[in-house]
Amino acid sequence: MHGIAYDAIHDEFSVPQQFGQAILTYRGAANGEEPPIRVIEGPHTRLDAPEHLDVDPVHNEIFMPTRSGEVLVFPRDGKGIDNKNDVAPIRVLGGPNTMITGDAPIAVDPVNNLLLVGGTAGRGQTRLLIFNRTDSGDVKPKAVIGGPKSHLYAFGGPMAVYPQKGEILVSVRGPGPFAELASEEAFVGVWKITDNGDVAPQWTIGGPHGILRMPRGIALDVKNKNMLVSDKRLNAVLTFHFPEVF
């Protein structure tokens with residue numbers, strides 16, 4: 001799995017199960033060999049080796065991208081067909097106009113009612129796509145961030161959003177053929193939800209020649225004004241004091 005989402009309102013966390021084509025939700029205090037409290041799984045789900053997801057605890061929805069370039073939206077506590085696990089999506093976002101091309105990082109902003117999705121504008125042209133939270137079908141994004149000035153080479157992993165200040169935090173791999181392994185150009189960039197076009201990040205942590213090599217997930221410690229970043233190459237979790245974001 002390459003995604004995990006904690007729901008602070010209901011004290012639950014959800015993870016994708018790639019081989020079982022499922023979404024598993026556990027209670028926040030789960031420990032040891034404990035079964036999930038809910039499972040979404042079955043042919044009506046349209047799940048396809050899921051890797052990323054995000055939970056909107058305010059509107060009780062789970063957002064899941066697929067390898068076929070769609071974003072499936074499920075009820076957080078849905079019971080499915082005949083009260084079973086086979087839950088059909090309540091909305092599907094996808095099609096050529098969306099620019100969503102595969103399973104990519106995703107984040108929901110329930111305060112500003114936005115959905116953030118990784119996408120492309122062609123080969124090697126990574127883009128950050130911004131939709132309305134409730135968009136469905138083959139609709140164009142309301143904003144697209146990407147281009148040479150953005151240095152948005154490729155997504156490193158799950159992104160984070162801080163709705164109170166309208167900020168998007170993205171882990172970015174460096175350029176070049178070996179960036180999948182490591183790059184001194186890798187960084188975490190911060191954009192605004194109002195950005196559109198080839199916009200440079202407002203702040204960067206990492207490259208060039210910074211400590212990050214292959215950043216993956218991002219988490220925010222709002223109380224202490226810190227940002228936590230996991231790095232696959234360093235096999236470490238790094239904590240940065242980042243009061244400017246908050």
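Residues numbered from 1 in each chain as written. Predicted model: local features only at pLDDT ≥ 70, side-chain atom pairs only at ≥ 80, totals over all residues. Heavy atoms only, no water.

Now for the pattern of salt bridges. Pairing between side chains becomes possible if they bear opposite charge and their charged atoms approach one another. Inspection of the entire model under this criterion finds 10 salt bridges. Between Glu-12 and Arg-76 there is a salt bridge, and its shortest N-O distance comes to 3.0 Å. Here the residue Glu-12 occupies a position in strand β2 (residues 12-17), and Arg-76 occupies one in the loop between β7 (70-75) and β8 (91-94), the gap between them amounting to 64 residues. Here Glu-12 and Arg-76 have matching classes, each one buried. Sharing partners across several salt bridges, the network here consists of Asp-56, Glu-61, Arg-91 and Arg-133. (Salt bridge = Lys/Arg side-chain N within 4 Å of Asp/Glu carboxyl O. Helix = DSSP H or I, 4+ residues; strand = E, 2+ residues; numbered from the N terminus. Buried < 20%, exposed > 50% of the residue type's maximum accessible area, 1.4 Å probe, protein only.)

Our focus in this paragraph is the sheet that holds strand β19 (residues 226-231). Strands sit in the order β18-β19-β20 across an open sheet of three strands; the sheet is antiparallel. Sheet topology places β18 (215-221) and β20 (236-241) at the edges, where each strand pairs with a single neighbour. Strand-to-strand twist of the sheet, defined as the mean angle between neighbouring strand axes without regard to direction, takes the value 20°. Alignment of β19 against β20, held across six bridges, turns out to be antiparallel. Note that in β20 the partner of Asn-226 across the bridge is His-241. (Pairing = 2+ DSSP bridges. Axes fitted to C-alpha atoms, helices over the stretch in contact; angles between N-to-C directions.)

Unlike most non-glycine residues, Met-99 shows phi in positive territory, near 70°. Along the chain, the position of Met-99 falls in the loop between β8 and β9 (106-109). Phi angles above zero are rare outside glycine, and Asn-235 is one such case at about 55°. Residue class for Asn-235 comes out exposed when judged on its relative accessible area of 72%.

Moving on: the sheet that holds β9. In space, the four strands of this open sheet follow the order β9-β10-β11-β12, with antiparallel pairing throughout. Edge positions in the sheet fall to β9 and β12 (143-145), since each of these pairs with one other strand and no more. Strand-to-strand twist of the sheet, defined as the mean angle between neighbouring strand axes without regard to direction, takes the value 25°. Sheet topology places strand β11 (residues 126-132) next to β12; three bridges connect them, and they run antiparallel. From the neighbouring strand, Leu-128 faces β12, where its bridge partner is Ile-145.

Here we take up the packing of aromatic side chains. A complete count under the given rule lists three aromatic pairs for this structure. Measuring from ring centre to ring centre gives 5.4 Å for Phe-13 and Tyr-26, while their planes differ by 20°; the resulting arrangement is stacked. Here Tyr-26 lies in strand β3 (residues 22-27) and Phe-13 lies in strand β2, a separation of 13 residues in the sequence. The buried category is assigned to Tyr-26, whose relative accessible area is 15%. (Phe/Tyr/Trp six-rings, centres within 6.5 Å; stacked < 30°, edge-to-face > 60°.)

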